[in-house]
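Chain and residue survey
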Amino acid sequence: MNSRSKGRFTNPFSAVFTGVKDLFYNSSKGAGERKLPDMTGKTCLVTGANSGLGFGISVQLARKGATVVMACRKNYDDALHAVKKLSSSNAVELRILDLTSIQSISDFVTGLVEDGVKLDVAIHNAGVTTPKAVELANGLDEMFMVNYLSKFVLINLLVKAKIYTVSASSAEDSARVILVSSDSHQGASAIDWEHFGRFEPYKSPNRAISLYSYNKLLLNTYGVELSRRLTINPHRAPEVFIMCPGPVNTNIIRNAPPALRLVLKGVFHFFFKDPLIAALPVVYLAGSPEVSGRSGLYFHMWKEKKMDVKCYDPGEGKKIWEASQGIVNRLVG
């Protein structure tokens, strides 16, 4: 990627201002019309589950009766115990998943297979922002890997391993894949295929926030293509939903420069949603029969919405699938 890859925002403050505006105008629209589903008997995977939105999702799913698999990069025992306590449920476990490593992703899926775990819902929530470029051992940028490519790898491995539950009786019982994205993808530049996945050194938070929203465009384009490919699968396949939770009070800014972090932390605390509240529309998408048979649907908080038109282009979808698989093939040899 290079400077031709641009997101909707050019600096953190414009992104935060838009988030606050969206929160005041859209946060509760449709909420009163949505009934949270009973998740009893469902097994749900949540990535990035130790803090922020992932933590909130884990608590709310467990409260609704789900068995929750918390996927985290480290063994966060405190987070595991907190989810159990807040949900009053012991049907929660934590498994190690480092989304910067294809080997870790592969080992994670292998572990699920070996333990006979079947998933009804997989919520791909984990994300990261870095104030400057971070080159991983595999040569990729950390944000590109965690926010986009790792999801491509994990979801495809889960589908290949046939870990998702299969129902021959009802569309309402279909397994679900939920991609937690951001409405900041709207207005991002077209995908720069010449530099797709290429590491770009940068040292500016402004560039970081731009690439963050650009990566969300990649994620959404992949999500639509995934839905397209699974829909034509002759066997029952999971449905795909994409959603933006809106502005959430998380620690995603933990790596920001100290002065910027201090300012944004205050804004987050006073204006952004508590993760336990922001998690509710995710739980709705995880099990509500009202969205069954509508794979590819995008929600902005509680509101159904259209994504950037570029996300729906079949040609771009085919390209991102092939380009992503090409990177994976190169990395695994």
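Our subject is the structure listed above.
In short, a report on the structure. Keep in mind that what you see is a predicted model, and the values were worked out from it rather than measured.

Rules of the game
- Residues numbered from 1 in each chain as written.
- Predicted model: local features only at pLDDT ≥ 70, side-chain atom pairs only at ≥ 80, totals over all residues.
- Heavy atoms only, no water.
- Helix = DSSP H or I, 4+ residues; strand = E, 2+ residues; numbered from the N terminus.
- Polar contact = N/O pair within 3.5 Å; in protein donor to acceptor, adjacent residues only side chain to side chain.
- Buried < 20%, exposed > 50% of the residue type's maximum accessible area, 1.4 Å probe, protein only.
- Contact = heavy atoms within 4.5 Å.
- Salt bridge = Lys/Arg side-chain N within 4 Å of Asp/Glu carboxyl O.
- Pairing = 2+ DSSP bridges.
- Axes fitted to C-alpha atoms, helices over the stretch in contact; angles between N-to-C directions.
- Core = buried A, V, L, I, M, F, W, Y, C linked by side-chain atoms within 4.5 Å.
- Phe/Tyr/Trp six-rings, centres within 6.5 Å; stacked < 30°, edge-to-face > 60°.
- Lys NZ or Arg CZ within 6 Å of the ring centre and 35° of its normal.

1. Here's the deal with the side chain of Asp141
- Within the fold, Asp141 resides in the loop between strand S4 (121–124) and helix H5 (142–160).
- A distance of 3.0 Å separates the side chain of Asp141 from the backbone nitrogen of Met143, its partner in a polar contact.

2. A closer look at the side chain of Ser324
- Position of Ser324 among the secondary structure elements: in helix H10 (residues 314–332).
- Taking relative accessible area as the criterion, Ser324 reaches 0% and is therefore assigned buried.

3. Digging into helix H9 (residues 280–287)
- Most of H9 sits inside the fold, with eight of its eight residues counted as buried.
- Listed as buried for H9 are Leu280, Pro281, Val282, Val283, Tyr284, Leu285, Ala286 and Gly287.
- Buried residues along H9 sit against helix H2 (52–63), S4, strand S5 (176–180), strand S6 (239–244), helix H8 (275–278) and strand S7 (297–300).

4. Quick look at the pattern of salt bridges
- One pass over the structure, following the stated rule, counts ten salt bridges.
- Measuring nitrogen to oxygen at the nearest pair gives 2.6 Å for the salt bridge that ties Lys305 to Asp183. Taken as a pair, Lys305 in the loop between strand S8 (303–304) and H10 and Asp183 in the loop between S5 and helix H6 (205–231) lie far apart in primary sequence, 122 residues in all.
- On the accessibility criterion, Lys305 (32% relative accessible area) is partly exposed.
- Its salt-bridge partner being Lys310, residue Asp308 comes within 3.0 Å of it at the nearest N-O pair.
- With relative accessibility at 7%, the residue Asp308 sits in the buried group.
- Using a relative accessible area of 27% as the deciding quantity, one classes Lys310 as partly exposed.
- One salt-bridge network, in which partners are shared between bridges, spans Glu93, Arg95 and Asp115.

5. With respect to the sheet that holds S4
- Within the open sheet, the eight strands sit side by side as S3-S2-S1-S4-S5-S6-S7-S8. Their pairing is mixed. Looking along the sheet, the strands with just one partner apiece sit at the ends: strand S3 (92–96) and S8.
- Relative to S7, S6 is paired through four bridges, and the arrangement is parallel. Across the sheet, the residue bridging to Met243 is Phe299, located in S7.
- Contacting strand S1 (43–47), strand S2 (67–72) and S3, helix H4 (residues 102–114) runs over the sheet at an angle of about 140° to S3.
- In this fold H9 packs onto S4, S5, S6 and S7, with an angle of close to 155° to the strand it touches most, S5.

6. Topic: the nonpolar core
- Of all hydrophobic cores here, the largest spans 60 residues; its most connected members are Leu119, Tyr148, Leu149 and Leu158.
- Looking at this core, the elements that each hand over two or more residues are S2, H4, H5, S5, H6, S6 and H10.
- Residues within four places of Leu158 in sequence aside, it is in contact with Leu45, Val109, Leu112, Leu119, His124, Ile163 and Tyr164.
- Of all hydrophobic cores here, the second largest spans 38 residues; its members include Met39, Ile57, Ala79 and Val92.

7. As for the pairing of S6
- The buried fraction of S6 amounts to six of the six residues, a majority that puts the element mostly inside the structure.
- Relative to S6, S5 runs parallel, the two sharing five bridges. Its bridge partner lying in S6, Ile178 is registered against Phe241.

8. Overview of the packing of aromatic side chains
- The full count for this structure, using the stated rule, is ten aromatic pairs.
- Measuring from ring centre to ring centre gives 6.4 Å for Tyr148 and Phe196, while their planes differ by 70°; the resulting arrangement is edge-to-face. Residue Tyr148 is located in helix H5, and its partner Phe196 is located in the loop between S5 and H6; the two are separated by 48 residues in the primary sequence. This pair shows no difference in class: Tyr148 is buried, exactly as Phe196 is.
- Three or more aromatic residues link up through ring pairs in this structure, and these residues are Phe144, Tyr148, Phe152, Trp193, Phe196, Tyr222 and Trp321.
- The residue whose ring lies beneath Arg229 is Trp321, and the NZ or CZ to ring-centre distance is 4.2 Å.
- Its guanidinium or amino end placed over the ring of Tyr312, Lys306 lies 5.4 Å from that ring's centre, counting from NZ or CZ.

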